Amino acid sequence: MPRRSRRILVASCALAFVSAPAVTVPEAAADPAAGPLVRLLGEQVIEHDLNFAGTTVGGLSGIDYQERTGEYVLISDDQSDRNPARYYTARFEVGEKGVGPVTFTGTRPLLTSTGTPYAPKSVDPEEIRVDPWTGDYYWTQEGERTDTVRADPSVRIARPDGTFAGDLPIPGDERMLPNAGPRQNLALEGATFAAGGALFLTSVEGPLLQDGPEATTTSGAPARITVQARFGPPLAQYVYPMEPVFAESRPEAGLGMNGISSILAADPLDPTKLLVLERSYVKGVGNAVRIYEADLGAASNVLDAPIGAARPVAKRLLVDLADVGPAAIDNIEAMTWGPRLPSGERTLVLVSDNNFLANQITQVIALAVG
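Below or above, wherever it landed, is the structure these notes cover.

Quick notes on the rules
Residue numbers run consecutively from 1 along every chain, following the written order of its sequence. In view of the model being predicted, local features appear only for residues whose pLDDT reaches at least 70, and side-chain atom pairs are presented and counted only at 80 or more, with totals across whole chains, interfaces and linings using the full set of residues. Heavy atoms from the whole structure form the basis of all side-chain values; hydrogens and water molecules are not counted. Helical segments are the DSSP runs of H or I of at least four residues, strand segments are the runs of E of at least two, and each set is numbered from the N terminus. Here the globule rule is a power law, 2.2 Å times the number of residues to the power 0.38, and the radius of gyration is based on C-alpha atoms. The criterion used for residue contact is that any of the two residues' heavy atoms lie within 4.5 Å. Any two strands are treated as partners once DSSP identifies two or more bridges connecting them. In this description, a line fitted to the C-alpha atoms serves as the axis of each element, helices being fitted only across the stretch in contact, and the angle between N-to-C directions of two axes falls anywhere from 0 to 180 degrees. Throughout this description, buried means an accessible area under 20% of the type-specific maximum (1.4 Å probe, protein chains only), exposed means over 50%, and partly exposed covers the range between. Whenever two N or O atoms come within 3.5 Å, that pair is a polar contact, provided that in protein one can donate a hydrogen and the other can accept it, and provided that, for residues adjacent in sequence, both atoms are side-chain atoms. Salt bridge, as used here: a side-chain nitrogen of Lys or Arg that lies within 4 Å of a carboxyl oxygen of Asp or Glu.

Regarding the overall build of the protein
Here is step 1: Helix and strand counts for the protein come out as one helix and 26 strands.
Here is step 2: Computed over C-alpha atoms, the radius of gyration of the protein comes to 19 Å, within 12% of the 21 Å expected from 2.2 N^0.38 for 370 residues, which places it in the range of a compact globule.
Here is step 3: The principal-axis extent of the C-alpha atoms belonging to the protein is close to 55 × 55 × 50 Å.
Here is step 4: Contacts in the protein between residues at least 24 apart in sequence constitute 60% of all its contacts with a sequence separation of at least 6.

As structure tokens, this is what we get:
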């Protein structure tokens, strides 16, 4: 696409979001239509603590498919504790016969603006997306909130060789303020390009401090999805209603959570249609992973504003992984569209973050979406 045409596309998408009327109806309308059929194709489990090019493969929290090369890009959420913060490239077949063996083909450290690897505990990588226009990597990191440290989350841009290429601005309500902003480890997580690459969307994993309490077994919680131009300015922000925690923890109650771990454009051109991956963990019970189709079209814009009576994003369940039959469901944190099947179905590839723990697994799951 010529550069002038790209600028026009970005401007058009920005105008569409900025000029959309604000609606303040308290409840989202459910779509009664049946969604597409989803079935399990198969899975692969990557060897625990696999050594590749002198690094430990694990903590995989983001994945994106490059149709041009047939490779996948994956990011590790290693906070430069085991090895410097990094990404990997890999190849594996996805088809009617399932998921083939995963072969890692490369790895690079992500570098700071000064050209050096990140120091331990200075960054917390989560999602990674390949820019469809330039091939650069956009990646999110959660920042930090402790009694002594408040570091803002961020969206960073890296060249394919790992060198720093810039940052995108974040909304003011996502900054780590004393009594507002993201909770610790519930900050910027999901990200996706939309509108053919003209827009970039991000999500926080859980409710901001000013937006209320976290989800419980009896009540869901609000998260925020932000829309911004690919070159930075935030344009809009929407309330996404997360589900309650799926079960009570045991033996002690109250040790469960639910949050958004990934978002993905459902349609490459329609920026209002997303897939949202809600991942819930309950101590003593395990994980639940549900993927929803989300529609931003009629939601209220709450950019840098209180939620109030804003109309939330509409959603409907696409698939509950427990219903399609993986032998185990671990800590699924990432998703990407993969290659199309001969049937015309799309493949949806999921990856789990094993937290570098021996009692967890790094699994690659492939679904067919009709």
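More follows now that the structure is in view.
Brief notes about the sheet that holds strand β4 (residues 60–66)
Here is step 1: Pairing in this open sheet of four strands is antiparallel, and the strands run β4-β5-β6-β9 from one edge to the other. At either margin of the open sheet sits one strand with a lone partner, and together these are β4 and β9 (103–109). Strand-to-strand twist in this sheet, taken as the mean axis angle between neighbours without regard to direction, amounts to 25°.

Some thoughts on the sheet that holds strand β18 (residues 221–229)
Here is step 1: Reading across the sheet, the four strands line up as β16-β17-β18-β19 and stay open at both edges, with antiparallel pairing between neighbours. The two strands at the open ends of the sheet, each matched to only one other strand, are β16 (188–194) and β19 (234–242). Strand-to-strand, the axes of this sheet are offset by a mean angle of 20°, without reference to chain direction.

What about the side chain of Thr192?
Here is step 1: Mapped onto the elements, Thr192 comes out in strand β16.
Here is step 2: Judged by its relative accessible area of 2%, Thr192 falls in the buried class.
Here is step 3: A distance of 3.0 Å separates a polar side-chain atom of Thr192 from the backbone nitrogen of Ala265.
Here is step 4: Not counting the four nearest positions on each side in its chain, Thr192 is found in contact with Arg129, Leu199, Phe200, Leu201, Ile263, Leu264, Ala265 and Leu274.

Concerning the pattern of salt bridges
Here is step 1: One pass over the full model with this rule turns up 22 salt bridges.
Here is step 2: Of the charged contacts in the structure, one is a salt bridge between Arg129 and Glu127, with a shortest N-O distance of 3.6 Å.
Here is step 3: Overall, Arg129 belongs to the buried group, its relative accessible area being 1%.
Here is step 4: When the shortest N-O distance is used, the salt bridge between Asp320 and Arg290 registers 3.2 Å. With Asp320 in strand β23 (residues 314–320) and Arg290 in strand β22 (residues 286–295), this pair connects stretches of sequence that are 30 residues apart.
Here is step 5: Take Asp320: its relative accessible area is 13%, and that puts it in the buried class.

Section: the pairing of strand β26 (residues 362–369)
Here is step 1: Of all eight residues in β26, eight are buried, a share of seventy percent or more.
Here is step 2: Side-chain alternation along β26 places Thr362, Val364, Ala366 and Ala368 on one buried face and Gln363, Ile365, Leu367 and Val369 on a second face that is also buried.
Here is step 3: Strand direction decides the pairing type here: strand β1 (residues 38–46) and β26, joined by eight bridges, are antiparallel. Directly across from Gln44, in β26, lies its bridge partner Val364.
Here is step 4: Summarising the sheet, strand β25 (residues 346–352) and β26 pair through six bridges and their orientation is antiparallel. Paired with Arg346 across the strands is Val369, a residue of β26.

Description of unusual backbone geometry
Here is step 1: Looking along the chain, the bond that leaves Arg250 and enters Pro251 is cis, with omega of 5°.
Here is step 2: Mapped onto the elements, Pro251 comes out in the loop between β19 and β20 (256–265).
Here is step 3: Positive phi is not limited to glycine here, since Ala53 has a value of about 55°.
Here is step 4: Here Ala53 is to be found in the loop between β2 (51–52) and β3 (55–56).
Here is step 5: Assessed through its relative accessible area of 59%, Ala53 is described here as exposed.
Here is step 6: The backbone phi angle of Lys121 is positive, close to 65°, even though this residue is not glycine.
Here is step 7: Checked against the element boundaries, Lys121 lands in the loop between β9 and β10 (125–130).

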